[in-house]
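The residues making up each chain are set out below.
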Amino acid sequence: MVETTGGGPQDGAAEVLDRPLPDGVRRKVVQIVADGFGGLTVAELPAQLRQYARFTPTRRAKFAGNAMAAALETDPLFRQRIGEKLREAEPELTGALDSGSPPPAADPLDVAAAAYVLRPPGWVKLVTAAGEEAQRADAERADEETRAELERLRAELDRARDHTRAETERLRAELDAAKKETDSLHRKLRSALADVKRGEAALRKLRGEMEAVRAEGQTQVSAAESETRRLKARLGETEAALEAARRAAREGRSVEDMRVRLLLDTVLDATQGLRRELALPPVSVRPAETVDAVEPGRMTPKGIAARALSEDDPAVLDQLLALPQAHLVVDGYNVTKTGYPQMPLEKQRLRLLGQLAQLAAQTGAEVTCVFDGAELVAPVLLAPPRGVRVLFSKPGVTADELIRQLVRAEPPGRPVIVASTDREVADGVARAGARPVASAVLLKRLS
């Protein structure tokens, strides 16, 4: 084993590197330490490196590189132990370094890294030479890369010139085509302007002709009005002459009327003689009196019952719904807001429709409930109850207008009852032949 510390003047440990360790040499040194690290026990390791004892060489070089380089520089014993591991791994290289003649074919970085670890005499020159060689190689590589980049840029420049030349030719061709198209458009524009001028001249001519026709029409209208007045005058004269002719005809028919009257008197006298011969009793009952009806001034039992009820009595509604083919039309929101306005609109509708379904089942009358569509914020998903027709007014149409349309759609004579407190609705349906009933009456009947 070759000692690297405690020698004489030729000992390389006395030499000092006066510049930073080149990057390539430093990477090699860290790799040597990482490889030799695993052959040492934990006790042989510096205290700051013991935490990396279980790392693999790759992870050790990655995460403990700085710490290993610092320990190698400051701890001679650790450097000696790493040197021993290096001698075991690279006997030829280390033997050549000990003899002072490194192999010419060896990588300068490997030689410099081994010299840095072993510290033989002249190791600083080896490290410096390796750094200079690495810089020279880097410079040559950078020069090669620069020349390659220059060639690439020249090729790109040539391609750009060719592309620019082709693009210039294309743009020149497009410019020529645009000039030709512009010339064509100019010609078309001049032709269109000429057509416009001719059209304006024709329009002025047509306006003159229109004015002449309008003046002629006014003249003809004046003449027609004069002729109408003349014909009206002649019509009046003709009607007067016709009336005079009718009077003359009536006077001429007086003889014929006398003869007809004489014949009629004869027939009447013969009829009276026949009545005396047959001795028929006087007639006290007329055929019209056999028809069951109510005479003026008399009341039927139903009329008497109706007369005894007030307008607010729900029995009035029952009597109206008992009429044949009765149709009840309900102003929905007017009824619900009269009876239970504090409830939400949806619950108002459901409550009213449920009650109307019971009323329709009890009376057998046709029931239609109308709601104002303007109250809705979204379409209503509603299954109408059995026996009740549910309608919403369209946008722009109120429920009152829809009710009046329903009343007008019914045939004259059919009993139609409208439940609403709105005075305008009541008056309108009454004029159309329907019977208005207050919402309170319907609410009393439903409750």
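Residues numbered from 1 in each chain as written. Predicted model: local features only at pLDDT ≥ 70, side-chain atom pairs only at ≥ 80, totals over all residues. Heavy atoms only, no water.

### Description of the pairing of strand β2 (residues 366-371)
- Of all six residues in β2, five are buried, a share of seventy percent or more.
- Both β2 and strand β3 (residues 388-392) contribute to a ladder of five bridges, which runs parallel. Looking at the pairing, Thr368 lines up with Arg389 of β3. (Buried < 20%, exposed > 50% of the residue type's maximum accessible area, 1.4 Å probe, protein only. Helix = DSSP H or I, 4+ residues; strand = E, 2+ residues; numbered from the N terminus. Pairing = 2+ DSSP bridges.)

### What to know about unusual backbone geometry
- Although it is not a glycine, Gln325 sits at a positive phi angle of roughly 60°.
- Position of Gln325 relative to the elements: it lies in the loop between α10 (314-321) and β1 (327-331).
- Residue Gln325 is classed as exposed on the basis of its relative accessible area of 60%.

### So, the environment of Val441
- By the secondary structure assignment, Val441 is in helix α15 (residues 439-446).
- Along the primary structure Val441 and Glu311 are separated by 130 residues, whereas in three dimensions their C-alpha atoms are 8.1 Å apart.
- In this structure, Val441 is in contact with Glu311, Asp312, Asp313, Pro314 and Leu317, ignoring residues within four places of it in sequence. (Contact = heavy atoms within 4.5 Å.)

### Details of the sheet that holds strand β5 (residues 435-437)
- On the basis of which strands lie adjacent, the open sheet formed by five strands has the order β3-β2-β1-β4-β5 and parallel pairing. Looking at which strands have only one partner, the edges of the open sheet turn out to be β3 and β5. Averaged over all adjacent pairs, the angle separating strand axes in this sheet is 20°, with direction ignored.
- Sheet contacts for α10: β1, β4 (416-419) and β5; angle to β5, the most-contacted strand, approximately 150°. (Axes fitted to C-alpha atoms, helices over the stretch in contact; angles between N-to-C directions.)

### A short note on α10
- Taken together, the buried positions of α10 are Val316, Leu317, Leu320 and Leu321. In a view along the axis of α10, the buried residues occupy a sector of 130°, so they form one face of it.
- As for α10, its buried residues are in contact with β1, α12 (345-363), β4, β5 and α15.
- Sitting at the amino-terminal end of α10 is Asp313, which places a side-chain oxygen 3.0 Å from the backbone nitrogen of Ala315. (Arc of directions from axis to C-beta. Polar contact = N/O pair within 3.5 Å; in protein donor to acceptor, adjacent residues only side chain to side chain.)

### Focus: the nonpolar core
- Ranked by size, the top nonpolar core spans 33 residues in total, and within it Val29, Met68, Leu72, Phe78 and Ile82 carry the most contacts.
- Of all the secondary-structure elements, those providing two or more residues to this core are α1 (23-37), α3 (65-74), α4 (76-89), α5 (91-99), α6 (108-118) and α7 (123-252).
- Ranked by residues supplied to this core, first place goes to α6 with nine residues.
- In contact with Met68, not counting residues within four places along its chain, are Val30, Val33, Ala34, Phe37, Leu49, Arg60, Ala61 and Phe78.
- Counting residues in each nonpolar core, the second largest holds 29 residues, with Val330, Tyr340, Ala357 and Cys369 among its members. (Core = buried A, V, L, I, M, F, W, Y, C linked by side-chain atoms within 4.5 Å.)

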